[in-house]
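Remarks on the overall topology
Chain residues, written in single-letter form:
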Amino acid sequence: MTKTENPAVNASHDAMANAIRALAMDAVQKANSGHPGMPMGMADVATVLFSKFLKFCPGSPSWPDRDRFVLSAGHGSMLIYALNYLLGYKDMPIEEVKNFRQLGSKTPGHPEFGHTLGVETTTGPLGQGLANATGMALAEAMLAARFGKDVVDHYTYAIVGDGCLMEGISQEAIAFAGHLKLKKLIVLWDNNGISIDGPVSLSDSVDQPRRFESAGWNTLQVDGHDAQAIAAAIETARHSDKPTFIACKTIIGYGSPSKQGTSGVHGSPLGGEEIAKVRETLNWPHEPFVVPSDTLDAWRLAGLRSSNARKAWEERLGQLDADIRTEFERRLSGALPAALDETIAAFKKKLVADKPNWATRKSSEEVLNVLAPVAPELLGGSADLTGSNNTRAKSQKAVTPDDYSGDFIHYGIREHGMAAAMNGIALHRGFIPYSGTFLVFSDYCRPAIRLSALMEQRVIYVLTHDSIGLGEDGPTHQPVEHLAALRLIPNLQVLRPADAVETLECWEIALKSEKTPTVLALSRQNLAAVRTQDSGKNLCARGAYELSPANGTAAVTLIGTGSEVQVALAAQKLLAQEGIAARVVSMPGMELFEKQSEAFKQEVLGGDTVRVVVEAAVRFGWDRYLGARGSFVGMTGFGASGPAPELYKHFGITAEAVAQAAKNGLGKNN
């Protein structure tokens, strides 16, 4: 598509850019908090981008074929809030700009997806937005390969700062985007040479354009205050066969005579005296938060610039074959395919009948083999561990730089970039991204996982090799604290299934959780089937359930997760031999269990029975369920290298230890 020209307006480019600068400095001053320097420095770039190139519609902010704009340098949030007011977004009246950084406002300190219209992703943790943008650009290319450019043809733009490019995730993102030749990704660098501590040269001397060039990007360098040069660079980028990095040489805090070009304007209000000088320097004599009518009109016209493009898109969408249009709209809505439930039900019956002795990572693979053909929105991947994570279904083919029609992504050894790219893919809509690595390496993904939860995105993390049960690779690869650490993240569900049936149920939960990301913690070692009957219900959906009732009135409740459920079942038999009635509870999802009623929880936990929890991980988080006489059998430190069965014995995670803990709770010490 060609750029849409700016309509004839009376206001000059300088006046439009200065409106951004004035609103940014006034809002930060009123809040006595914020970062005025970046919005003032990048105002010219933003004015050119939004008034001449960006395809968007403030009246229809979720229009699927809009260009995506990501403010990766999220500390400069007043840039996007000023733009949204000027462009006429309905949730951004001038009162919201005046309430910058105030509780309940639409103008929080950093942009938050779902909180403010026109904000495509939550940014602030530096570098995340750049990696999100990579995922968005990939999603656009893949969706276009499926449904055609008549309905999917848009660009992804990102503004990044020095901090974004210093963070390690940036290298993962730019290498990934360069490799896949995401030519509709355009990154604009606020090259102002200043960080919080002072000049960037204090800590960094990387030649960023050459860095991007080496990763397969087209690179351009412009004066970030020359509107014509900026426009020419963006136009060139839009016709590149590679992703493009535009280094915009800017002056941070442009227009501030005493502070521009210094760290003093980065993250502090300018002060009343300096603001008065800025107004004089920029020839902006207006009161705080006042934009003259001709300038505001010019911006509002810019906000209407894509109206005809949106209407034309709607006409093209309506001309699609009915079945294709229905599928396209279903994919964008996030609704699951109608055949999913019956597919799950049929496969569950087969698993109950076959009772496979699979590792849950293998169970997950078999689930994917069944689900991927009926749910084409499933977009798999792995951080160079495909054969270990078992995340590629038989029907899936790889995405390549020359073919975006695939549905499996080789992310390479880039866990952090992978997780953040999946956030971008989910935010774009049209796919349900999932990908794999080892559970211990969730530490590399954690900042992006946290943002999945904060943004309420349906992203699925397949984290295998979930305990000392992985064996010989030793303590560097054996997660012990990771389950507890992930369970601490609000709105993240951590599911640890015990066998193939539970794995299927956990996948069903993950797919139906539209506003919650999921961790699937899966075993390397084979596990015996524990679910041998089909109740017709998803028993994992409430987080925990009685798997094996007591023979008689229960004195003990044994609670296990994942691979340790079989330890609890073995302990139940040992106790029965001594005349002690015990019941076994499987708790694959602690977070789901916590959402249940107190009555249900007490029923599952067994009232005043002695409770013993067994999990090959640290105890943190389990005490709430133990009661006065309960105990925990698990890990108290790091693991060791050796065969898995020997490790379980070495660390005392055995049926005998669980049975003894139960007897201790009953006052029977032998």
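Presented here is an overview of the structure given in this document. (Residues numbered from 1 in each chain as written. Predicted model: local features only at pLDDT ≥ 70, side-chain atom pairs only at ≥ 80, totals over all residues. Heavy atoms only, no water.)

With that settled, the discussion passes to the overall build of the protein chain. Counting its secondary structure elements, the protein chain contains 27 helices and 18 strands. Each principal axis of the C-alpha distribution contributes one length, and for the protein chain these read about 90 × 55 × 45 Å. A total of 670 residues make up the protein chain; the buried ones form 61% of that total. The contacts in the protein chain between residues at least 6 apart in sequence include a share of 77% that link residues at least 24 apart. Side-chain charges in the protein chain split into 65 positive and 73 negative, and the spacing between the mean points of these groups amounts to 4 Å. (Helix = DSSP H or I, 4+ residues; strand = E, 2+ residues; numbered from the N terminus. Buried < 20%, exposed > 50% of the residue type's maximum accessible area, 1.4 Å probe, protein only. Contact = heavy atoms within 4.5 Å. Lys, Arg positive; Asp, Glu negative; His and termini not counted. Charge placed at Lys NZ, Arg CZ, Asp CG, Glu CD.)

Looking now at the sheet that holds strand β17 (residues 610–615). Strand order in the open sheet formed by 5 strands is β14-β16-β15-β17-β18, with mixed pairing between adjacent strands. Each edge of the sheet is formed by a strand with only one pairing partner; in this case those strands are β14 (545–548) and β18 (631–634). Between one strand and the next, the sheet's axes are offset by a mean angle of 30°, whatever the strand orientation. Contacts from helix α22 (residues 565–577) reach β14, β15 (556–560), β16 (582–586) and β17, with the element oriented near 175° to β16. (Pairing = 2+ DSSP bridges. Axes fitted to C-alpha atoms, helices over the stretch in contact; angles between N-to-C directions.)

Now for the packing of aromatic side chains. One pass over the full model with this rule turns up 16 aromatic pairs. Measuring from centroid to centroid gives 5.0 Å for Phe50 and Phe69, while their planes differ by 80°, and the two rings are edge-to-face. Of this pair, Phe50 sits in helix α3 (residues 43–53) while Phe69 sits in strand β1 (residues 68–71), and the two are 19 residues apart along the sequence. Measuring from ring centre to ring centre gives 5.4 Å for Tyr434 and Trp507, while their planes differ by 90°; the resulting arrangement is edge-to-face. Taken together, the residues Tyr434 in strand β10 (residues 432–438) and Trp507 in helix α21 (residues 500–512) connect sequence positions 73 residues apart. A residue is classified by how much of its surface remains accessible, and Tyr434, at 0% relative accessible area, is buried. Owing to a relative accessible area of 1%, Trp507 belongs among the buried residues under this scheme. An aromatic cluster is present here, built from Trp189, Phe212, Trp217 and Phe245 joined pairwise through their rings. Sitting above the plane of the Tyr155 ring, Lys184 keeps its charged end 5.3 Å from the centroid. (Phe/Tyr/Trp six-rings, centres within 6.5 Å; stacked < 30°, edge-to-face > 60°. Lys NZ or Arg CZ within 6 Å of the ring centre and 35° of its normal.)

The next thing to look at is the pairing of β17. Counting buried residues in β17 gives 6 out of 6 residues, a clear majority hidden from the surface. With 5 bridges connecting them, β15 and β17 associate as parallel partners. By the bridge assignment for β17, Val556 is matched with Val610. The pairing of β17 with β18 spans 4 bridges and is parallel. Its bridge partner lying in β18, Val613 is registered against Phe632.

Turning next to the nonpolar core. Leu23, Met78, Leu138 and Trp299 are the most contacted members of the largest nonpolar core, which has 143 residues in total. With sequence-adjacent residues up to four places away left out, Leu138 is seen in contact with Phe176, Leu180, Leu182, Val399, Tyr404, Ile409 and Ile425. (Core = buried A, V, L, I, M, F, W, Y, C linked by side-chain atoms within 4.5 Å.)

Time to look at helix α12 (residues 293–303). Considered for burial, the residues of α12 that qualify are Thr295, Leu296, Ala298, Trp299, Ala302 and Gly303. Buried residues in α12, looked at end-on, bunch into an arc of 155°, giving them a common side. (Arc of directions from axis to C-beta.)

This part covers the side chain of Glu96. Locating Glu96 in the fold gives a position in helix α5 (residues 94–98). If sequence neighbours within four positions are ignored, Glu96 has contacts with Asp91, Ser105, Lys106 and Thr107.

Turning to the sheet that holds strand β12 (residues 493–495), a few remarks are in order. Taken in spatial order, the 6 strands make up an open sheet running β9-β8-β10-β11-β13-β12, and their pairing is parallel. Edge positions in the sheet fall to β9 (408–410) and β12, since each of these pairs with one other strand and no more. Averaged over all pairs of adjacent strands, the angle between their axes in this sheet comes to 20°, without regard to strand direction. Relative to β10, strand β8 (residues 378–382) runs parallel, the two being bridged by 3 bridges. Residue pairing in the sheet places Leu378 in a bridge with Ile432 of β10.

Positioned with a positive phi, Lys181 is a non-glycine residue whose angle comes to about 55°. Among the structural elements, Lys181 can be located in the loop between α8 (168–179) and β3 (185–191). Residue class for Lys181 comes out partly exposed when judged on its relative accessible area of 42%.

With that settled, the discussion passes to the packing of helix α1 (residues 13–31) against helix α4 (residues 78–87). At a minimum axis separation of 9 Å, α1 and α4 run at an interaxial angle of 120°. Put simply, α1 runs oblique to α4. Two packed elements cross with a definite hand, and for α1 against α4 that hand is right-handed. Here Ala19, Ile20, Leu23, Ala24, Ala27 and Val28 of α1 lie close against α4, whose contacting residues are Met78, Leu79, Ala82, Leu83, Tyr85 and Leu86. (Parallel < 35°, antiparallel > 145°, perpendicular 65-115°, else oblique. Left-handed = near helix turned anticlockwise from the far one by under 90°.)

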